[in-house]
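Analysis of the macromolecular model
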Amino acid sequence: MADIWNSWVRDHYLGLYPWTWIQFESAEHPGPFPFFGGVDPEVVASLQEAHHLMQSAIDTAISDVFAHRGPLDDPERRRRLEDAYAELVQSRLHLRAHIRCGRRPDGTFQWEFPRDPGKSATMTYVGLRGFNAATQQVFPLRFNGATASAMGKFLGLLDGTHTVVELRTAVENSGPSNAGDLTRLLENLKAYDCLGVAQRSSIRPHWIASTQDRDVIHLGHAALLYRQQEQFILFDPWLMPWFAEMPVPSLWGSLLPRPAAIFLTHDHDDHVDPRTLLTMPKDIPVIVPSRKNRRKLYYDYPALLRELGFTRVIELAHGETFPFEEGCIASVPFFGEDPCDIEMPRNCYLVADRGRNTLVHVDSGPTNAGRSALTEGVIDDLVKRYGPISTLFASQQQLQELRTYAVHACLSPPGQWLEVGENGFLTNSYLAQLATAAKARLFVSYATGGADWYPDHLSFMFSRRNPARTALLTANWEQPEALKDKLAPVGCGYHYTRALDIFRATPDGGTTVVSAGEQLFPLTLYRLDHGDPPFMKKR
């Protein structure tokens, strides 16, 4: 062990380069939906297989409509789909073991599968894969004795805020079963040029100097950083390592100040990103939706986060609060963005801080049945309890999709697969009503990218570099900018945000938008302690 530690000066700071990313690897294929709870994974596998085997027939039915061989509103299509599904299931013994379906004597269709609230699709990690995006080198590392959580905890320490001697102490105190693997990890990171060394750690002081109390900083997509006095609170971090997706320097965990807490809103990959979370400090609290709010199925946040190394996972049920000095963050019900109507527990969050309220509404909106934060009186109750909401952060997505293409389609009744389900279908009228009920002073449109370092292949991701693609995807949407006119009569402003916009309180209780400019640009943050990146020096 001594050899690797002698490579660095004891009181220098050691951390991962922001162009390094690491992901855990499991012992076996995790199944259709990792960390999905409330049903046995074997049952989900059968449901997924049945859906997969039906997909080509479904695609043909869709093609018939576009080829004008069949009507758009065929009253018999649902029945034919259900009967074909039942025929498929009855033809396979292993599917029949998990799925009960068929036509009843009265003509209705039966479709059932067993639930088990104690089951979830947990994963066992046995190794990791590291990638240096600057050199395009990949290295695998299999755990010999260490657990994934021990590796995750140590990776969380490599954020550039710990000295070499502190890291060495952490390895020595990790126990004999972990220390060898942690040392091998460091040796691999060093061999593949993934570690940066600095004489100081300036990120946090720089963020403190560049922001003000009660600022909200947009980090891209749905990631928000809220400054509460001298601490920072992070929401839905989905960060990109440099050049891993796009050739643009991006924000990464080591370029952010250590958060006092992380809040996760819902189970989609762009809001719960294991690759981002793996690099975060593991001793901070992570607040997630509570299983108390489940109907039947749920996302197993505790199992995921424990595997990544987090030790303080807090499930916050609707109406419960996470307190901080002179304020709190309240869990608010999340509706919609659920084309399969499985109603997993999800949270929005209200930040109530010394008389100023900020609502992180994310992608929430009306369900297929018309339920929403408006119809259920959620917003009215928030205003009565906490007062008007100064800044409202909400998506303007207007996505609708056939249920068969939704991620959880196999958990939806097969007769509905060719029906349109909402998926973040947020009209300007709904959002205007939302802002009016909240008595908002500023509506902020976010969670649609807002940074050039996000990938192009996702249908909800828009960027200044792809205007033609954006026009294709949004040709049938209401114009997002038209919301501005609907908000004006109630005294609410409108802003479409981009990464590193800062939302700052004004003396009259409103919100002004300022740009962080070069101060918080990723390359500027890196240069604080490291100077120019090595690949820039070579050029």
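The text that follows walks through the structure, step by step, so that each part is easy to find. (Residues numbered from 1 in each chain as written. Predicted model: local features only at pLDDT ≥ 70, side-chain atom pairs only at ≥ 80, totals over all residues. Heavy atoms only, no water.)

**Description of the side chain of T265**
We apply this condition: For the purposes of this entry, the term helix denotes a DSSP run of H or I that reaches at least four residues, the term strand denotes a run of E that reaches at least two, and both are numbered from the N terminus. Burial here depends on accessible area, computed with a 1.4 Å probe over protein chains only, as a share of the maximum for the residue type. Under 20% is buried, over 50% is exposed, and the range in between is partly exposed. Pairs of N or O atoms are called polar contacts if they sit within 3.5 Å, as long as, within protein, a hydrogen donor faces a hydrogen acceptor (for residues adjacent in sequence, only side-chain-to-side-chain pairs). Working rule for contacts: check all heavy atoms of both residues, and any pair within 4.5 Å makes them a contact.
Among the secondary structure elements, T265 is positioned in the loop between β13 (261–263) and α9 (274–278). What makes T265 buried here is its relative accessible area of 0%. Within polar-contact distance, the side chain of T265 engages the side chain of H266 at 2.8 Å. Excluding its chain neighbours within four sequence positions, the residues that come into contact with T265 are D236, H271, P289, Y301, R346, N347, Y349 and V362.

**Quick look at the environment of L525**
Mapped onto the elements, L525 comes out in helix α15 (residues 522–530). Relative accessible area serves as the criterion here: at 1%, L525 is assigned to the buried category. Counting along the chain gives 499 residues from L525 to S26, while the straight-line C-alpha distance between them is 34 Å.

**Quick notes on the sheet that holds strand β8 (residues 159–163)**
Selection criterion: Two strands qualify as a pair provided DSSP detects at least 2 bridges between them. Axis definition: a line fit to C-alpha positions, over the contact stretch in the case of helices; interaxial angles, taken between N-to-C directions, run 0 to 180 degrees.
The three strands lie next to each other as β8-β1-β9, forming an open sheet whose pairing is antiparallel. Two strands in the sheet have a free side with no partner beyond their single neighbour: β8 and β9 (195–198). The mean inter-strand angle of the sheet, taken between neighbouring strand axes irrespective of direction, is 30°. Bridge analysis of strand β1 (residues 13–16) against β9 gives four bridges, and the strand direction is antiparallel.

**Quick word on the pairing of strand β14 (residues 286–289)**
The side chains of a regular strand alternate between both faces of the sheet. Here β13 pairs with β14 via two bridges, running parallel. Following the sheet pairing, I262 is matched in β14 by V286. Two strands pair when backbone bridges link them, and β14 and strand β16 (residues 313–316) are joined in this way by four bridges, in the parallel orientation. Across the sheet, residue V288 finds its bridge partner in β16, namely E315.

**Some thoughts on the pairing of strand β19 (residues 347–353)**
Burial of β19 is extensive: seven of the seven residues sit out of reach of the surface. Of the strand pairs in this sheet, β19 and strand β20 (residues 356–362) are connected by five bridges, and their pairing is antiparallel. Bridging across to β20, Y349 finds its partner in V360. The turn linking β19 back onto β20 is made up of two residues, and R354 within it adopts a positive phi angle of 50°.

**Overview of the pattern of salt bridges**
Which entries qualify depends on this criterion: Salt bridge, as used here: a side-chain nitrogen of Lys or Arg that lies within 4 Å of a carboxyl oxygen of Asp or Glu.
The final tally for this structure, using the stated rule, is 28 salt bridges. With its nearest N and O atoms 3.2 Å apart, the salt bridge here joins R168 to E172. Of this pair, R168 and E172 both sit in helix α6 (residues 164–172), four residues apart, which is roughly one turn of that helix. For E172, a relative accessible area of 44% gives the class partly exposed.

**Let's talk about the nonpolar core**
The condition that has to hold: To qualify as a nonpolar core, a set must consist of buried Ala, Val, Leu, Ile, Met, Phe, Trp, Tyr and Cys residues joined through side-chain atoms within 4.5 Å.
Core analysis: the largest hydrophobic core is formed by 86 residues, its most contacted members being F24, L128, M151, L189, W207 and L219. If we ignore the near neighbours within four places in the chain, the residues touching W207 are I217, L219, L225, R227, F232, L255, L256, P257, L520 and L525. Residues L224, C348, L359 and F503 belong to the second largest nonpolar core, which totals 52 residues.

**A few points about the packing of helix α2 (residues 41–66) against helix α3 (residues 77–90)**
Convention followed: Note on convention: the crossing is left-handed when the near helix lies turned anticlockwise from the far helix by less than a right angle, right-handed when the turn is clockwise. Under the convention adopted here, Pro, Cys and the residues Ala, Val, Leu, Ile, Met, Phe, Trp and Tyr are nonpolar, Asp, Glu, Lys and Arg are charged, and Gly plus all remaining residues are polar.
Interaxial distance between α2 and α3 falls to 10 Å at its minimum, and their mutual angle equals 145°. Here α2 and α3 pass one another in a crossing that is right-handed. Contacts from L47, A50, L53, M54, I58 and V65 in α2 reach R77, L81, A84, Y85 and L88 in α3. Among the residues making up the contact of α2 with α3, the classes are represented as 10 nonpolar, no polar and one charged.

**Section: unusual backbone geometry**
The phi dihedral of H68 falls on the positive side, at around 65°, and the residue is not glycine. Topologically, H68 is positioned in the loop between α2 and α3. By relative accessible area, H68 is classed as exposed at 74%. For A447, which is not glycine, the phi torsion reads 65° and is therefore positive. Topologically, A447 is positioned in the loop between β24 (442–445) and α13 (467–473).

**Quick notes on α6**
The cut-off we apply is this: It is the directions from the helix axis to the C-beta atoms whose arc is reported.
Of the positions making up α6, those classed as buried are V164, L167 and V171. Each buried residue of α6 lies within a common arc of 65° when the element is viewed along its axis, so the set occupies one face.

**Considering the sheet that holds strand β6 (residues 125–132)**
Pairing is antiparallel in the open sheet, where three strands are placed in the order β2-β6-β7. On the outer flanks of this sheet lie β2 (20–26) and β7 (137–142), each paired with one strand and no other. Strand-to-strand twist of the sheet, defined as the mean angle between neighbouring strand axes without regard to direction, takes the value 20°. With six bridges connecting them, β6 and β7 associate as antiparallel partners. When the bridges of β7 are listed, L128 appears paired with L141. The strands that helix α7 (residues 176–191) touches are β2, β6 and β7; relative to β7, the one it contacts most, it runs at about 170°.

**Observations concerning the packing of helix α5 (residues 148–157) against α7**
When two helices pack together, their arrangement is given by the angle between their axes and by how far apart the axes lie. The cut-off we apply is this: When an angle is under 35 degrees it counts as roughly parallel; over 145 it counts as roughly antiparallel; between 65 and 115 it counts as roughly perpendicular; any other value is oblique.
Here α5 crosses α7 at 45°, and the two axes come no closer than 10 Å. By the angle class used here, α5 and α7 are oblique. When the axes of α5 and α7 are compared, the crossing they make is right-handed. Residues A150, M151, F154 and L155 of α5 form the contact with α7, whose own contacting residues are N178, D181, L182, L185 and L186. Split by residue class, the contact of α5 with α7 holds seven nonpolar, one polar and one charged.

**Describing the side chain of T163**
Take T163: it is sitting in strand β8. A residue is classified by how much of its surface remains accessible, and T163, at 10% relative accessible area, is buried. Excluding residues within four positions of it along the chain, T163 makes contact with R10, D11, H12 and Y13.

**Section: α5**
Buried residues dominate α5, accounting for seven of its 10 residues. When we look at burial in α5, the residues that qualify are A148, A150, M151, G152, F154, L155 and G156.

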